[in-house]
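Okay, here's what each chain looks like letter by letter:
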Amino acid sequence: MGQTDIEPLDVEAIREEYPILQREFGGEQLVYLDNAATTQTPDRVVDTIAHYYRHTNANVHRGLHQLSQEASIAYEEAHDRVAEFIGASGGREEIVFTKNTTESENLVAYAWGLNELGPGDEVVLTEMEHHASLVTWQQICKKTGATCRYIEVEEDGTLDMDHARELIGDDTAMVSVVHVSNTLGTVNPVSELADIAHDHDAYIFVDGAQSVPNRPVDVEAIDADFLAFSGHKMAGPTGIGVLYGKKHILEEMEPYLYGGMMINKVTFEDSTWHELPWKFEAGTPVICQGIALAEACDYLDDIGMDAIRRHENELAQYAIEQLEGEGDIDILGPPAGVERGGLVSFNLNSVHAHDLSSILNDSAVAIRAGDHCTQPLHDKLGVPASARASFYVYNTKEEVDKLVEAIDDARQLFA
Ligand code: C6P
């Protein structure tokens, strides 16, 4: 479907499911523009959590009693629902529930990387990786003697694909790339990168923390070997992340954490492992969070992922237009008109982003300021920090206008 055929979101109706958006600070209604950090949670997901604890709460896979069986079925089915949401035809066997994107990255780095990488092997990342990917692979490379290489980011915030083709070669064992940059908003060509990686028998790990919440993502269309994302950035609860992995790769991997629930047979001498995905879910898992994440997937699909993608891009483009108006704001990432995720990072002249953020807070406008866990990228761009406004399904152009007005107040203050 072309982006123009898609019905716009009924934002007014959507907002009714988020009482938190009615909060006021200092007499001003909250303008929540920190969604790339964490999105708010709609009533129906909160209700699912409350219902679970009121009516179903029990440990899973252990009890033969009715409650435990109900909780187990709901938890297992949540894996199937998440698989469906990202187009994983292998169902629950390809979906591991973790704590967050960061843990999903570490799971693969430890369970696969520590065993498979060695001197001479290369892990190819991008200069716009989040620390969750960058630090994890950097440290696994240090432990194994493998080398990290970084695909350069061009001045317009896109990846230098010639450089990607140069770097990814027969020594490459893993390409780990962020799908949508949490700092630049850039949408990376992950499918093309997957083809390049596979031409050299390397795996590709896609960091979907900022893409799965905001656009349709189909792991099989991309041909990702691994994909990670977090529930708390997609209208779900905190405390749950997802690792998708192709079944045949997960089957070959060693477990990451050992303990109860992930075993098949244990003796004093040795142990064997449970089937997928339980082999990777040691101990009591994230039961309620998993069930609530499945509800968040239903919620997002009911709105429509194509419509969400359009809404986010429209708000980001509108924000760029408004922010560029005065000529004293530097926008990071692709220029106006180029599709991006629903976020805009920027700097106002010589005002430190932290100062700007606290002035905006006086007007109840919540943004993020700092390095957004992309320190090397900020170093490359020659700025210590940036301010970032990020949008979700309940944000409006009027809220972008309030952001712009609040920035104007800061402008007056620092004039
Ligand atoms: N970015 C932000 O404000 P966790 O914290 O594990 O749920 O997600 C980590 C992560 C990984 N990759 C990308 C692209 C991300 O944006 C994030 C989280 C938040 O930008 C917190 S730093």
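Residues numbered from 1 in each chain as written. Predicted model: local features only at pLDDT ≥ 70, side-chain atom pairs only at ≥ 80, totals over all residues. Heavy atoms only, no water.

Remarks on the packing of helix 4 (residues 101-116) against helix 5 (residues 131-144)
Alright, step 1. Put simply, helix 4 and helix 5 touch, their axes get as near as 9 Å, and they point 20° apart. Here helix 4 is positioned roughly parallel relative to helix 5, judged by the angle of their axes. In the crossing of helix 4 with helix 5, the sense of the turn from one axis to the other is right-handed. In this structure, helix 4 uses Thr102, Glu105, Asn106, Val108, Ala109, Tyr110, Trp112, Gly113 and Leu114 to contact helix 5, whose residues at the interface are Ala132, Ser133, Thr136, Trp137, Ile140, Lys143 and Thr144.
Alright, step 2. Here the contact of helix 4 with helix 5 is built from residues that sort into 8 nonpolar, 6 polar and 2 charged. (Axes fitted to C-alpha atoms, helices over the stretch in contact; angles between N-to-C directions. Helix = DSSP H or I, 4+ residues; strand = E, 2+ residues; numbered from the N terminus. Parallel < 35°, antiparallel > 145°, perpendicular 65-115°, else oblique. Left-handed = near helix turned anticlockwise from the far one by under 90°. Contact = heavy atoms within 4.5 Å. Nonpolar A, V, L, I, M, F, W, Y, C, P; charged D, E, K, R; others polar.)

Some points on the side chain of Asn182
Alright, step 1. Residue placement: Asn182 occurs in the loop between strand 7 (172-178) and helix 7 (190-199).
Alright, step 2. Look at Asn182 and you get buried, because its relative accessible area is 4%.
Alright, step 3. Setting aside its immediate chain neighbours within four residues, Asn182 contacts His130, Gln210, Leu343, His372, Thr374 and Arg388. (Buried < 20%, exposed > 50% of the residue type's maximum accessible area, 1.4 Å probe, protein only.)

A few points about the packing of aromatic side chains
Alright, step 1. Counted by the stated rule, this structure contains 12 aromatic pairs.
Alright, step 2. Arranged with centres 5.1 Å apart and planes meeting at 75°, the rings of Tyr52 and Tyr53 form a pair that is edge-to-face.
Alright, step 3. Here Tyr52 falls in the buried class, since its relative accessible area comes to 3%.
Alright, step 4. With 5.4 Å between their ring centres and 45° between their planes, Tyr258 and Trp273 make a pair best called tilted. Placement of Tyr258 in the loop between helix 9 (247-252) and strand 11 (263-266) and of Trp273 in strand 12 (residues 271-273) is noted, with a sequence separation of 15 residues between them.
Alright, step 5. Relative accessible area serves as the criterion here: at 54%, Tyr258 is assigned to the exposed category.
Alright, step 6. By relative accessible area, which is 29% here, Trp273 ends up partly exposed. (Phe/Tyr/Trp six-rings, centres within 6.5 Å; stacked < 30°, edge-to-face > 60°.)

Description of the domain arrangement of the protein chain
Alright, step 1. Segmentation of the protein chain into domains returns domain 1 (3-38 + 304-413) and domain 2 (46-302).
Alright, step 2. Each of domain 1 and domain 2 has a C-alpha centre, and the two are 27 Å apart.
Alright, step 3. Taken over both partners, the interface formed by domain 1 and domain 2 buries close to 2700 Å², and the fraction arising from carbon and sulfur atoms is 55%.
Alright, step 4. Looking at the side of domain 1 facing domain 2, the largest losses of area belong to Met305, Leu377 and Tyr392, adding up to 23% of the total buried there.
Alright, step 5. Taken together, the links from domain 1 to domain 2 amount to 2 salt bridges.
Alright, step 6. The shortest N-O distance in the salt bridge between Arg215 and Glu339 comes to 3.3 Å.
Alright, step 7. Taken together, the connections running from domain 1 to domain 2 amount to 22 residue pairs in polar contact (both at pLDDT 80 or more).
Alright, step 8. Secondary structure elements with two or more residues in the side of domain 1 that touches domain 2: helix 11 (305-324), strand 14 (343-348) and helix 13 (375-381).
Alright, step 9. The element that contributes the greatest number of residues to the side of domain 1 that touches domain 2 is helix 13, accounting for 6 residues.
Alright, step 10. Tallied by class, residues from the side of domain 1 that touches domain 2 come to 16 nonpolar, 9 polar and 9 charged. (Domains from an automatic or database assignment. Buried area = accessible area lost by both parts, 1.4 Å probe. Salt bridge = Lys/Arg side-chain N within 4 Å of Asp/Glu carboxyl O. Polar contact = N/O pair within 3.5 Å; in protein donor to acceptor, adjacent residues only side chain to side chain.)

Here we look at empty space enclosed by the protein
Alright, step 1. Under the defined criterion, the tally for this structure stands at 1 cavity of 30 Å³ or more.
Alright, step 2. What the largest cavity holds in volume is close to 60 Å³.
Alright, step 3. What lines the largest cavity is a set of 13 residues, among which Asn35, Ala36, Gln210, Asn214 and Phe391 lie closest to the centre.
Alright, step 4. Tallied by class, the residues present in the lining of the largest cavity amount to 5 nonpolar, 6 polar and 2 charged.
Alright, step 5. Lining the lining of the largest cavity are residues from two domains, each supplying at least three of them: domain 1 (3-38 + 304-413) and domain 2 (46-302). (1 Å grid on protein atoms, 1.4 Å probe; cavity = no way out; pocket = protein on both sides within 12 Å on 5 of 7 lines; lining within 4 Å. Points joined across faces, edges and corners; volume = space filled by probe spheres on them.)

Focus on the sheet that holds strand 14
Alright, step 1. What the 4 strands build is an open sheet, ordered 13-14-17-16; its pairing is antiparallel. The sheet terminates laterally at strand 13 (329-331) and strand 16 (368-370), the two strands that pair on one side only. With direction set aside, neighbouring strand axes in the sheet form an average angle of 30°.
Alright, step 2. Sheet topology places strand 16 next to strand 17 (residues 386-390); 3 bridges connect them, and they run antiparallel. In the sheet register, Arg368 faces strand 17, and the bridge partner there is Arg388. (Pairing = 2+ DSSP bridges.)

Re the pattern of salt bridges
Alright, step 1. According to the stated counting rule, one finds 23 salt bridges in the structure shown.
Alright, step 2. Across the salt bridge formed by Glu192 and Arg165, the nearest N and O atoms sit 3.2 Å from each other. Taken as a pair, Glu192 in helix 7 and Arg165 in helix 6 (residues 161-167) lie far apart in primary sequence, 27 residues in all.
Alright, step 3. Exposure remark for Glu192: the relative accessible area of 35% places this residue in the partly exposed category.

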